[in-house]
Every structure is written in C-alpha cells, then in structure tokens.
Amino acid sequence: MKNEEMALLFSEATPYIQKYHGKTMVIKYGGNAMINETLKNAVMNDLVTLTLLGVRVVLVHGGGPAINEMLKKVGVESHFAGGLRVTDDATMEIVQQVLAGKVNKDLVAKLRGRGVGLCGMDGQMLRCTELDPQLGHVGEIVHVDPTLISSLLDSGYIPVIATVGMDDLGQAYNVNADTAAAQIAIALKAEKLVSMTDIAGLLRDKEDEATLIPEVEVSEIEGYKSAGIIAGGMIPKIGGMADAIYQGVHEAVIIDGRVPHSILLELFSDRGSGTRFYRRSHHE
Ligand SMILES: Nc1ncnc2c1ncn2[C@@H]1O[C@H](COP(=O)(O)OP(=O)(O)O)[C@@H](O)[C@H]1O
Ligand SMILES: CC(=O)N[C@@H](CCC(=O)OP(=O)(O)O)C(=O)O
C-alpha cells in the first residue's frame, strides 16, 4: 500500500474510531465462518484491535458444524426445525461439551490473554425456559443478567460467550447463538450487533450473491419470510436482528465472516458490506 493510501485509510477511519470509542459492540461469530485456523486467528486479531481502539467487545460464538461433527462421531442423529437443533438429553450433553468447551476455549486461546470464556450458565447470564416441547432442551431466554459481562469489560477483557443457558433448577438449555447475541446486545444496551456468517448477507436467492439485499427496514421482514426468502439458519439470525433494532440497539448488520478483516471494514470504513437492518423512524 502506498503512503498516500495508508493516510487516506486513517482519515476515513477517524470519525468511526471516535464514534465507537467507549461503545459496546456485540459480535456474533458463526460456526460456519470458522473456516480454518488462519481465518479464526485473523478475526480474533481484529477483535483485539477493536479493544485497543477503545471498543467494548463482547464475542458471542456459534459452533453448529463442530457440534454436528461430534454428534456424528458418537453416532447421535441430529435434526433441525425452523433453524433450531432438536435437542434431546444426549444432544444437550454434546452441545455443552463442544460449545462451552472446545469451541469456546479455542477462541479464547487466540485472543492473546484478553479473552475470558464463559457460557450462559455463568453468573446466571442466560436464564432459560423450554421454548417448545417438540424441540427438547432448546432454550427460550427469559432473562439476561449482563452483570458479569459488564464487569469483565470494565476490567479490559473480551468476554467470549457460548450460548448454553440454564433454568433455576440447573437444567442446561441449547440456545441459538444469533438469538442469544441479540438478547445480550439488548441487555447491554449495545451500540451495535454484528453477525459474522458464511454468506454475503441476506440474499433474495441464496445461491446468487448478486441478489444481496443491502438494507432491510425491520417491518419488511414478514414479507421476506412469507416469500420464503428467509430459511434455515437465516431464520433465527434475522429474528435476532429485528429484536435488537426494535429494542434499542442502534445498528445491526450481517456481514461475511469469510472476508478477511470484514469486521474492521464494516466498522471503520465507508465500505459497509452485508445486510444492514434499520427502523424507518430511526433512519438517518
Ligand atoms: N435468503 C438467504 N440469504 C442468505 N443465506 C440464507 C438465506 N436463506 C437461508 N440461508 C442460509 O443461511 C446460512 C447462514 O446461517 P447459518 O448456517 O446458521 O450460519 P452461522 O453458522 O453463521 O450462524 C447460509 O449459509 C445460507 O445457507
Ligand atoms: C438451538 C440451536 O440450534 N443451537 C445451536 C447453537 C450453536 C449455534 O447457533 O451455532 P451457529 O451460529 O454456528 O449456527 C446448535 O445446536 O447448533
């Protein structure tokens, strides 16, 4: 990069650095975008950069593919309904082991001493009840207690959260990571919710990236749903985006986690990518 380009980059970033300084950002990193170690390392490096720029970063992670792999290894069959994993006792055990164990600690290890790995059971952060008896131990979040997250942020750490919650009796629940990230963002009164996934954003035709929908006004979501555009893992993702916007999170976007440094480009440049959600009355 030429010196001039470098200088331009910094001057373009300055207003954004100012805007996000001291603000809370909830970043959801989907299992499907954890393609390889190099990319995971790059994403975690970017999160450290964000904290050095004064952003209060909360990482909420998925791990669907890693759960699938382990379930296959131990011979437990798995099904999804409406984008959610049907979770019986055996599945719940694996979800807890993989999500709150391996996936969580692998990410913590890449945050160069700044990460603290937690799951929704810690500090009763994600209090759950059963969402639907047909889905088994899939949790509906009834309360988010952000105390533990806030105290870690105040101490300069990056909380790394696996979305396993529990009820008052200690029963574990499997919570979709996008749903949890949105509820956590709401409870923290976050400035921004970013979901990093393995696709360019919400597409009209999911096989064709040229059909990217760059902006969605939240009241349009129902129309997209009835047109069958939103399917599979996109269902809880879009639901989370809408909840966040309706409940006071200022910005919510889905970006392509496979693109190197997509999070830095989204936050600090004019080249916003992916799909941005907004509410008309709040649209600048
Ligand atoms: N309209 C759509 N636009 C984009 N992706 C879609 C759409 N409908 C369904 N999808 C699917 O949603 C997937 C992303 O959700 P998911 O697999 O849960 O990823 P993550 O692990 O990042 O949460 C995409 O890879 C795509 O296959
Ligand atoms: C209830 C439910 O579906 N839970 C998810 C939790 C992990 C997740 O959401 O991971 P991704 O973000 O990688 O999809 C699951 O069991 O796969």
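Cut-off values and rules
Residues numbered from 1 in each chain as written. Chains lettered and ligands numbered in written order. Predicted model: local features only at pLDDT ≥ 70, side-chain atom pairs only at ≥ 80, totals over all residues. Heavy atoms only, no water. UniProt positions renumbered as here; feature names shortened; annotations may be inferred. Core = buried A, V, L, I, M, F, W, Y, C linked by side-chain atoms within 4.5 Å. Buried < 20%, exposed > 50% of the residue type's maximum accessible area, 1.4 Å probe, protein only. Helix = DSSP H or I, 4+ residues; strand = E, 2+ residues; numbered from the N terminus. Contact = heavy atoms within 4.5 Å. Pairing = 2+ DSSP bridges. Axes fitted to C-alpha atoms, helices over the stretch in contact; angles between N-to-C directions. Near = heavy atom within 4 Å. Polar contact = N/O pair within 3.5 Å; in protein donor to acceptor, adjacent residues only side chain to side chain. Areas by Shrake-Rupley, 256 points an atom, 1.4 Å probe, with all protein chains shown as cover. Nonpolar A, V, L, I, M, F, W, Y, C, P; charged D, E, K, R; others polar.

Under an unreviewed UniProt entry, the name given to the chain is Acetylglutamate kinase, and the organism recorded is Faecalibacterium prausnitzii L2-6. Its UniProt record gives the chain the following Pathway (unreviewed entry) comment, quoted word for word: "Amino-acid biosynthesis; L-arginine biosynthesis; N(2)-acetyl-L-ornithine from L-glutamate: step 2/4."

**Some details on the nonpolar core**
Among the nonpolar cores identified, the biggest contains 44 residues, and Val26, Val58, Ile184, Leu193 and Phe277 are the most heavily contacted of them. Of all the secondary structure elements, the ones that give two or more residues to this core are β2 (56–61), β6 (126–130), β7 (139–144), α5 (147–154), α6 (177–187), α7 (221–226), α8 (234–246) and β13 (251–256). What phenylalanine 277 contacts, discounting residues up to four positions off in sequence, is Val216, Ile221, Ile238, Met241, Ile245, Ala252 and Ile254. Ala13, Tyr29, Met44 and Cys119 belong to the second largest nonpolar core, which has 40 residues in total.

**Let's talk about the sheet that holds strand β8 (residues 158–162)**
One open sheet holds the eight strands; their spatial order is β5-β8-β2-β1-β11-β13-β14-β12, and the pairing between them is mixed. At either margin of the open sheet sits one strand with a lone partner, and together these are β5 (115–119) and β12 (215–217). Ignoring which end each strand starts from, the neighbouring axes of this sheet average 20 degrees apart. Where strand β1 (residues 24–29) meets β2, six bridges bridge the pair, whose relative direction is parallel. Along β2, the bridge assignment pairs threonine 24 with arginine 56. Contacting β1, β2, β5 and β8, α5 runs over the sheet at an angle of about 130 degrees to β2. Strands in contact with α8 are β1, β11 (192–197), β13 and β14 (275–278); relative to β13, the strand with the most contacts, it is inclined by about 155 degrees.

**A few points about the site of ligand 1**
The environment of ligand 1 is formed by 17 residues, the closest being Asn32, Thr197, Asp198, Ile229 and Lys237. One of the side-chain N or O atoms of lysine 28 is found 2.8 Å from an oxygen atom in ligand 1. Between ligand 1 and isoleucine 229, the relevant distance is 2.7 Å, taken from a nitrogen atom to a main-chain nitrogen or oxygen of the residue. Against a free-state accessible area of 570 Å², the protein chains account for coverage of 84% of ligand 1. Within the shell around ligand 1, the residues separate by chemical class into six nonpolar, six polar and five charged.

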